[in-house]
Amino acid sequence: MNTILYILYILAFIVHDGEEIAVVHKWVMTHGNDLCEKLPMLRRVFNYLRKLNTKAFAIAAFEELIVLIGISAYAYIGGPYAIELWSAAFMVFSLHLIVHIGQAIVVRGYVPGLVTSVLLLPFAFLVMQRIFTTINASQLVIWTVVGVIFMVANLLFAHWLGFRHTNRFYTE
């Protein structure tokens, strides 16, 4: 990989999460009840997101950005397993973009993060092609699974930070 890809990934994350920060709270408050009726199995998710205000979401996104910058810096200096870690993080980000597109299909409309997901898919595809030339498929699958597990755990921690620093605690 090269420095330009590390920087572009960070910028892509900032742009994508910026869209989410700008609209997610208002979108959930506007559409949450209708979506709970259409998708009752996601009621807990929507109730959780209603409690995550814009400031809390921004704090969570900033924490994730710090992690991403750390992983990219580690890849830049070339530490052990650096390319694998960076590739895993990028693959998780790419999956995240695809999830937004899937969400939009399910709800038959806009979801927070959709616009930047569509715009960033070509970039993600090009970087994934580069990753596939660097890491074999079986290793990449393993690293991606590890990345998903880490990112889910980190997302829970990031949201906790957001609640904690806005005095809004999730109590369910």
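Everything that follows concerns the structure shown earlier in this document.
Here the residue numbers are simple positions, counted from 1 along each chain's written sequence. With pLDDT at 70 or above as the cut-off, local features in this predicted model cover only qualifying residues; side-chain atom pairs require 80 or more to be listed or tallied, and sums for whole chains, interfaces and linings still use all residues. Values shown for side chains rest on all heavy atoms present in the structure; no hydrogens or waters enter the calculation.

Trainee: How should I be thinking about the overall build of the protein chain in this particular structure?
Mentor: Each helix is a run of DSSP H or I of at least 4 residues and each strand a run of E of at least 2, with the numbering of both proceeding from the N terminus. Helix and strand content of the protein chain: six helices and zero strands. For the protein chain, the α and β elements follow one another from N to C terminus as α-α-α-α-α-α. A compact globule built from 172 residues should have a C-alpha radius of gyration of about 16 Å, and the protein chain, at 17 Å, falls within 12% of that. Exposure classes here rest on a 1.4 Å probe applied to the protein chains alone. A residue is buried below 20% of its type maximum, exposed above 50%, and partly exposed in between. For the protein chain, the proportion of its 172 residues judged to be buried stands at 44%. Here the analysis covers contacts within the protein chain between residues at least 6 apart in sequence; of these, 79% occur between residues at least 24 apart. Surface accessibility in these figures is a Shrake-Rupley result with a 1.4 Å probe; residues are shielded only by whichever protein chains are displayed. Here the protein chain has roughly 9700 Å² of accessible surface; of this, 71% comes from carbon and sulfur atoms. When the 11 positive and 9 negative side-chain charges of the protein chain are each reduced to one mean point, those points stand 7 Å apart. Here the globule rule reads 2.2 Å times residues to the power 0.38, and the radius of gyration is calculated from C-alpha atoms. Any two residues having at least one pair of non-hydrogen atoms within 4.5 Å are treated as being in contact. His is not counted, nor are the chain ends, whereas Lys and Arg count as positive and Asp and Glu as negative. Charge positions are represented by NZ for Lys, CZ for Arg, CG for Asp and CD for Glu.

Trainee: In this structure, what is going on with helix α3 (residues 54-77)? I would like to understand it.
Mentor: Note that an α-helix has 3.6 residues per turn; residues three or four places apart therefore point the same way. Over its 24 residues, α3 runs 34 Å from end to end, which matches the ideal 34 Å to within 8%, given 1.5 Å per residue. Every buried residue of α3 is listed here: A56, F57, A60, A61, E63, E64, L65, V67, L68, I71, S72 and A75. Of the surrounding elements, those touching the buried residues of α3 are α1 (3-38), α4 (82-107) and α6 (137-164). A positive phi of about 80° marks G78, the residue just after α3. Take the residue count of a helix, subtract one, and multiply by 1.5 Å to get its expected span.

Trainee: I keep staring at the environment of K38 and nothing clicks. Help me out?
Mentor: Among the secondary structure elements, K38 is positioned in helix α1. Here K38 falls in the exposed class, since its relative accessible area comes to 59%. Residues K38 and F93, spaced 55 residues apart in sequence, show a C-alpha to C-alpha distance of 27 Å.

Trainee: Honestly, the packing of aromatic side chains in this entry has me stumped. Any pointers?
Mentor: Each aromatic ring pair is described using two quantities: the centre-to-centre distance and the angle formed by the ring planes. Stacked, tilted and edge-to-face are the three classes assigned to paired rings of Phe, Tyr and Trp, where Trp is represented by its six-membered ring and a pair needs centres within 6.5 Å; plane angles under 30 degrees give stacked, over 60 edge-to-face, the rest tilted. Enumeration according to the criterion identifies 10 aromatic pairs in this entry. Arranged with centres 5.5 Å apart and planes meeting at 15°, the rings of W86 and F90 form a pair that is stacked. In this pair, W86 and F90 are both assigned in helix α4, four residues apart and thus about one turn of the helix distant. Among the residues examined, W86 registers a relative accessible area of 0% and is labelled buried. An aromatic cluster is present here, built from Y6, Y9, F13, W86, F90, F93 and F123 joined pairwise through their rings.

Trainee: What am I meant to see in unusual backbone geometry here?
Mentor: Trans is the prevailing form of peptide bonds, just as negative phi is the prevailing case for residues other than glycine. At Y81, a residue that is not glycine, the phi angle is positive and equals roughly 60°. Within the fold, Y81 resides in the loop between α3 and α4. For R108, which is not glycine, the phi torsion reads 60° and is therefore positive. Note on placement: R108 falls in the loop between α4 and α5 (114-134).

Trainee: What is the right way to look at the layout of surface pockets in this model?
Mentor: A water-sized probe rolled over the atoms picks out the places where empty space is left. In this analysis the probe radius is 1.4 Å and the grid spacing 1 Å, with only protein atoms considered; a cavity is a set of points the probe fits into but cannot get out of, a pocket is an open set with protein on both sides within 12 Å along at least five of seven lines, and lining residues have an atom within 4 Å of a point. Grid points are joined across faces, edges and corners, and a volume is the space filled by probe spheres set on the points. Space inside the largest pocket adds up to approximately 1200 Å³. What lines the largest pocket is a set of 38 residues, and nearest its centre among them are E20, H96, H100, Q103 and L155. Considering every element that reaches the lining of the largest pocket, the biggest residue donor is α4, with 10 residues. Tallied by class, residues from the lining of the largest pocket come to 31 nonpolar, four polar and three charged. Side-chain classes are defined by residue name, with Ala, Val, Leu, Ile, Met, Phe, Trp, Tyr, Cys and Pro counting as nonpolar, Asp, Glu, Lys and Arg as charged, and the others, Gly among them, as polar.

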